[in-house]
Each structure stands twice: as structure tokens, then as C-alpha cells.
Amino acid sequence: MFSNQKIERNAPCWCGSGKKYKACHMNFDQKIKHYEFMGHMVPDRSIIKTPAQIEGIRKSAVINIACLDKVAEVICEGMSTQDIDDIVYKTTVEMGGIPAPLHYEGFPKSVCTSINNEVCHGIPDEKIILKDGDIINVDCSTILNGYFSDSSRMFMIGNVSEERKRLVQVTKECVEIGLQNVKPWTFLGDMGNAVNQHAMKNGYSVVREIGGHGCGLEFHEDPFVSFVSKPGTEMLMVPGMVFTIEPMVNMGTCEFYEDKDNGWTIYTKDGKDSAQWEIQVLVTETGAEVITY
Ligand code: MF3
Ligand code: CO
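Note that this is a predicted model, so its numbers are computed, not measured. (Residues numbered from 1 in each chain as written. Chains lettered and ligands numbered in written order. Predicted model: local features only at pLDDT ≥ 70, side-chain atom pairs only at ≥ 80, totals over all residues. Heavy atoms only, no water.)

1. A word on the site of ligand 1
Near ligand 1 lie 14 residues; those nearest to it are Asp139, His213, His220, Glu246 and Glu278. Asp150 has a polar side-chain atom sitting 3.1 Å from an oxygen atom of ligand 1. One of the side-chain nitrogen or oxygen atoms of Glu278 is found 3.0 Å away from an oxygen atom of ligand 1. Computed on the free molecule, ligand 1 has an accessible area of 340 Å², of which 96% lies beneath the protein chains in the complex. (Near = heavy atom within 4 Å. Polar contact = N/O pair within 3.5 Å; in protein donor to acceptor, adjacent residues only side chain to side chain. Areas by Shrake-Rupley, 256 points an atom, 1.4 Å probe, with all protein chains shown as cover.)

Written as C-alpha cells, this is what we have:
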């Protein structure tokens with residue numbers, strides 16, 4: 001593959017550091033080759049970010065986080081999900097960014113808003129009004145200078161039942177446990193398994209077919225990130241990879257269906273509640289850096 005082309009020892013490194021390949025990523029590439037030889041899935045050079053790209057993604061993330069901070073300040077009972085869309089659109093554009101969902105594969109709005117039994121991809125609408133006791137996921141994705149950032153949070157409206165509070169809390173813990181398991185030269189399956197174990201231990205199920213993704217130069221890049229995977233499987237994590245941890249955790253069955261009318265919104269099959277938190281992380285030499293939260 002062109003992007004993993006062999007580089008001469010004294011030629012400039014592919015990462016753009018300006019250093020000679022032998023003094024920069026040569027050993028790194030050999031280590032990856034070793035894992036590939038052992039039969040593991042390994043990252044292509046094209047999904048390993050350079051320091052300049054990481055800086056671009058971090059700047060995009062500043063807007064992404066600001067949007068959710070703004071929503072957190074004002075979200076309340078009686079507000080419509082269109083109001084949330086307006087806040088995200090305005091905040092993003094004022095800070096010089098573009099909302100990534102808008103017109104993405106035909107998605108009509110700037111943010112996803114998914115309430116209670118909606119798993120993800122809820123479409124903001126002025127007719128959808130937040131009620132006392134609702135739980136809602138607000139999923140925000142941002143483009144700045146061509147760099148993508150992505151994160152989502154849960155919000156609890158008014159007096160929320162203990163049952164729903166616990167789902168929201170455990171789902172947050174799932175993401176934190178996932179984060180603790182992001183380490184270079186281990187596998188995405190180690191991380192995904194840790195997430196699933198925590199959800200299952202609490203009597204919940206994790207959606208299998210929709211998961212996390214590489215994110216930075218595109219909205220959705222390789223690899224697909226599963227949260228029901230097995231230790232030692234899935235892609236090797238190496239420094240410079242950027243991806244999301246975003247498990248969808250259901251109170252009942254992990255099965256779901258898509259809205260036939262709008263073609264987007266995903267609902268739990270059994271009508272029980274679902275929660276999701278999403279962060280974007282960079283794999284570092286020693287562990288992980290949180291890019292969005
Ligand atoms: N933000 C979602 C994610 O975390 C993707 C939404 S796609 C959209 O991957 F078109 F619905 F916005
Ligand atoms: Co995402």
C-alpha cells in the first residue's frame with residue numbers, strides 16, 4: 001500500500017518532523033510490522049496523526065467542548081431539541097467552525113439529540129420538547145480547518161428516576177474504564193472488553209453494530225471501535241492514533257431499529273432506555289490524552 005511505502009533510512013520521516021527516518025519513526029514502523037507478522041490488525045500510516053495534525057484536531061476540539069459547555073449551561077425542561085441545535089450551530093459558527101453533522105450523508109441538523117429510548121442519531125425538532133424526568137444525549141461534532149472533533153454528553157432533565165440516573169452514571173463509568181484501557185502496544189479489544197464487562201456487571205447491554213471510530217482528518221475514519229470486543233483482538237493501538245470511545249448502553253436488549261420515516265433515529269427494540277457518552281482520545285507514548293469530553 002502506498003501509504004506504508006518503504007522509506008530509505010536517511011530520507012525524511014513520513015511524519016513531517018523533518019528528521020531522518022532512521023532517527024524518527026523507523027523503529028516504530030518495525031514494531032508495527034512485527035505485530036502484523038504475528039497476525040494482528042495494525043494501523044495504516046494514514047491513520048497515525050502527525051504532531052501538526054494533532055494540533056489541528058485539538059483546536060477543533062476547543063469549539064466542540066465549548067458547544068457542549070454552552071448546552072450544559074442552559075438545557076432545561078420546556079426547551080425544544082431545535083433550541084439545542086440552534087445553540088450548537090451558533091456557537092460553532094461564531095468560533096469559526098462548521099457543524100460536522102449538517103448535511104453529512106443528508107443529516108438535516110447540526111447536532112444529534114437522542115432522548116430516553118432513542119439510542120443515537122435523534123434529529124432536533126422544534127416540536128420535541130424536553131420533559132421533566134427525560135435523559136438526553138447531545139452528540140456534537142465539529143470541523144475546524146478540515147480537522148474533526150466529536151463528543152457527546154448525557155443531560156438529566158429535572159427529577160430523573162433512580163433507574164435512569166444509574167444508567168447515565170454507569171455509562172459514564174464505562175467510558176472512563178475504556179479510557180484507562182487506552183495504552184500503546186495493546187489492543188482495541190482490550191479496551192472494548194473492559195467497557196462491555198462493566199456494562200454487563202451492572203445488568204446492561206452494549207450495542208454491537210454501532211460503535212466508535214477513528215476521527216480527525218475525516219468524521220469517521222478507520223478503525224471501527226467496538227465496545228463488545230475480546231482482549232487481544234481488534235486493532236493494535238499505537239501513539240498518534242485518534243479515535244472515539246462512545247458506547248451505547250441499554251437497560252434491556254442491545255437490539256435496535258431505525259426510524260423508517262426519517263432514516264436516521266435509532267431506537268431500542270424493547271423500548272427501554274439507552275445512554276451514551278462520547279470522548280475522543282489520542283494514544284500517546286504512555287497512555288492516552290483526552291481530546292474531547
Ligand atoms: N456524532 C456521531 C458519532 O459520534 C455521528 C453522527 S452522524 C450524523 O459518530 F450524521 F448523524 F450526525
Ligand atoms: Co463519534
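2. Side note on the sheet that holds strand β3 (residues 118-120)
Sheet architecture is open: 3 strands sit in the order β3-β12-β11, paired in antiparallel fashion. Where the open sheet ends on each side, the last strands, each with one partner, are β3 and β11 (256-258). Each strand axis lies, on average, 40° off the axis of its neighbour in the sheet, ignoring direction. Of the strand pairs in this sheet, β3 and strand β12 (residues 266-268) are connected by 2 bridges, and their pairing is antiparallel. Its bridge partner lying in β12, Cys120 is registered against Ile266. (Pairing = 2+ DSSP bridges. Helix = DSSP H or I, 4+ residues; strand = E, 2+ residues; numbered from the N terminus. Axes fitted to C-alpha atoms, helices over the stretch in contact; angles between N-to-C directions.)

3. Things to note about the pairing of strand β8 (residues 221-225)
The two faces of a sheet get side chains in turn, since along a regular strand they alternate between them. Bridge count between strand β7 (residues 212-214) and β8: 3 bridges; the pairing is antiparallel. Paired with Gly212 across the two strands is Val225, which belongs to β8. The loop that links β7 with its antiparallel partner β8 comprises 6 residues.

4. Considering the pattern of salt bridges
For the structure shown, the criterion picks out 13 salt bridges. Within this structure, Glu55, Arg58 and Glu289 form a network of salt bridges that share partners. (Salt bridge = Lys/Arg side-chain N within 4 Å of Asp/Glu carboxyl O.)

5. So, the sheet that holds strand β13 (residues 274-276)
Ordered in space as β6-β10-β13, the 3 strands form an open sheet in which the pairing is antiparallel. With partners counted over all chains shown, the strands left at the sheet margins are β6 (205-206) and β13, one partner each. In this fold helix α4 (residues 162-180) packs onto β10 (248-250) and β13, with an angle of close to 40° to the strand it touches most, β13. (Contact = heavy atoms within 4.5 Å.)

6. Points about the coordination of the cobalt ion (ligand 2)
All of the protein donors around the cobalt ion (ligand 2) are Asp150 (OD), His213 (NE2), Glu246 (OE) and Glu278 (OE); their distances to the metal are 2.1 to 2.3 Å. Every donor counted, the 6 donor atoms about the cobalt ion (ligand 2) form angles of 53 to 158° at the centre, which fits irregular coordination. (Donors = N, O, S within 2.8 Å, 3.2 Å for Na, K, Ca; no water. Tetrahedral: all angles 85-135°; square planar, octahedral: opposite > 155°, others 65-115°.)

7. Regarding the side chain of Asn250
Assignment of secondary structure puts Asn250 in strand β10. Excluding anything up to four places from it in sequence, Asn250 contacts Val119, Leu167, Tyr204, Ser205, Val207, Glu255, Thr268, Asp273 and Ser274.

8. Brief notes about helix α3 (residues 81-94)
The end-to-end C-alpha separation of α3 is 20 Å, in line with the 20 Å expected for 14 residues at 1.5 Å each. Among all positions of α3, only Thr81, Gln82, Ile84, Asp85, Ile87, Val88, Thr91 and Thr92 are buried. Along its buried surface, α3 packs onto α2 (51-74), β1 (98-99), β2 (112-115) and β4 (135-144). Capping the start of α3 is the job of one residue whose side-chain oxygen sits 3.3 Å from the backbone nitrogen of Gln82: Ser80. After α3 finishes, the residue Gly96 shows a positive phi value of roughly 90°. (Expected span 1.5 Å × (residues − 1). Buried < 20%, exposed > 50% of the residue type's maximum accessible area, 1.4 Å probe, protein only.)

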